[in-house]
Amino acid sequence: MHERACASGQSAEGRVEIIDVQETEDQVRLRIGVRPREGGQDCPGNPPTPFTVDLSEPLGERKIVDASIVPPRTVTVG
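To start, this report covers the structure provided alongside it. What you are looking at is a predicted structure, and each value in this text was computed from that prediction instead of being measured.

Rules used throughout
Counting starts from 1 at the beginning of each chain's written sequence and moves along it residue by residue. Per-residue local features are limited, in this predicted model, to residues with pLDDT of at least 70; the limit for side-chain atom pairs, both in listing and counting, is 80 or more; totals at the level of whole chains, interfaces and linings are taken over all residues. To get the side-chain values, take all heavy atoms of the structure and skip hydrogens and water. Two cysteine sulfurs form a disulfide in these notes if their separation is within 2.5 Å. The way it works is that DSSP assigns letters per residue, a run of H or I at least four long becomes a helix, a run of E at least two long becomes a strand, and they are numbered from the N terminus. Burial classes: relative accessible area under 20% of the type maximum marks a residue as buried, over 50% as exposed, and values in between as partly exposed (1.4 Å probe, protein chains only). When DSSP finds two or more bridges between a pair of strands, those strands are recorded as paired. Angles here are taken between N-to-C directions and fall from 0 to 180 degrees, while the axes themselves are lines fitted to C-alpha atoms, restricted in helices to the stretch in contact.

Concerning the state of the cysteines
1) Next: What the rule picks out here adds up to 1 disulfide.
2) Next: In this model, Cys6 is linked to Cys43 through a disulfide, with the two sulfur atoms separated by 1.4 Å. Judged by the sign of its S-S torsion, about 90 degrees, the bond between Cys6 and Cys43 is right-handed. Of the two residues, Cys6 is situated in the segment before strand S1 (16-23) and Cys43 in the loop between strand S2 (27-34) and strand S3 (63-66); the sequence distance between them amounts to 37 residues.
3) Next: You can call Cys6 partly exposed: its relative accessible area is 35%.
4) Next: We classify Cys43 as exposed; its relative accessible area is 51%.

And the structure:
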């Protein structure tokens, strides 16, 4: 994931919060947030931050959907 807020070029490691997970037969809908860094921040761009989501069963063929944006969109996992 890429943090959208200014974070002085730092990753969101340790600040990623999984707000909601909804699992169905064909998709896993996620809402994920990032706690902001304290104080003023520069905006040079932030590196991607890997994170893990525990599911009730293996992902299999289900699609991952980013439900934190409107309209929700399928996420490419790589």
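Having seen the model, we can carry on.
A look at the sheet that holds S3
1) Next: In space, the 4 strands of this open sheet follow the order S1-S2-S3-S4, with mixed pairing throughout. The two strands at the open ends of the sheet, each matched to only one other strand, are S1 and strand S4 (73-75). On average, each strand axis in the sheet is inclined to that of its neighbour by 35 degrees, with strand direction left out of account.
2) Next: Both S3 and S4 contribute to a ladder of 3 bridges, which runs antiparallel. By the bridge assignment for S4, Asp66 is matched with Arg73.

Structural notes on the pairing of S2
1) Next: Summarising the sheet, S1 and S2 pair through 7 bridges and their orientation is antiparallel. If you follow Val16 over to S2, its bridge partner there is Val34.
2) Next: What sits between the antiparallel neighbours S1 and S2 is a turn of 3 residues.
3) Next: Examined bridge by bridge, S2 and S3 share 4 bridges and lie parallel to one another. Paired with Val28 across the strands is Ile64, a residue of S3.

As for unusual backbone geometry
1) Next: For the bond running from Val70 to Pro71, omega is -5 degrees, close enough to zero to count as cis.
2) Next: Its identity as a non-glycine residue notwithstanding, Ser8 has a phi of 55 degrees, on the positive side.
3) Next: If you trace the backbone, Ser8 turns up in the segment before S1.
4) Next: On the accessibility criterion, Ser8 (25% relative accessible area) is partly exposed.

Purely geometric stuff here, so don't read any function into it on its own.
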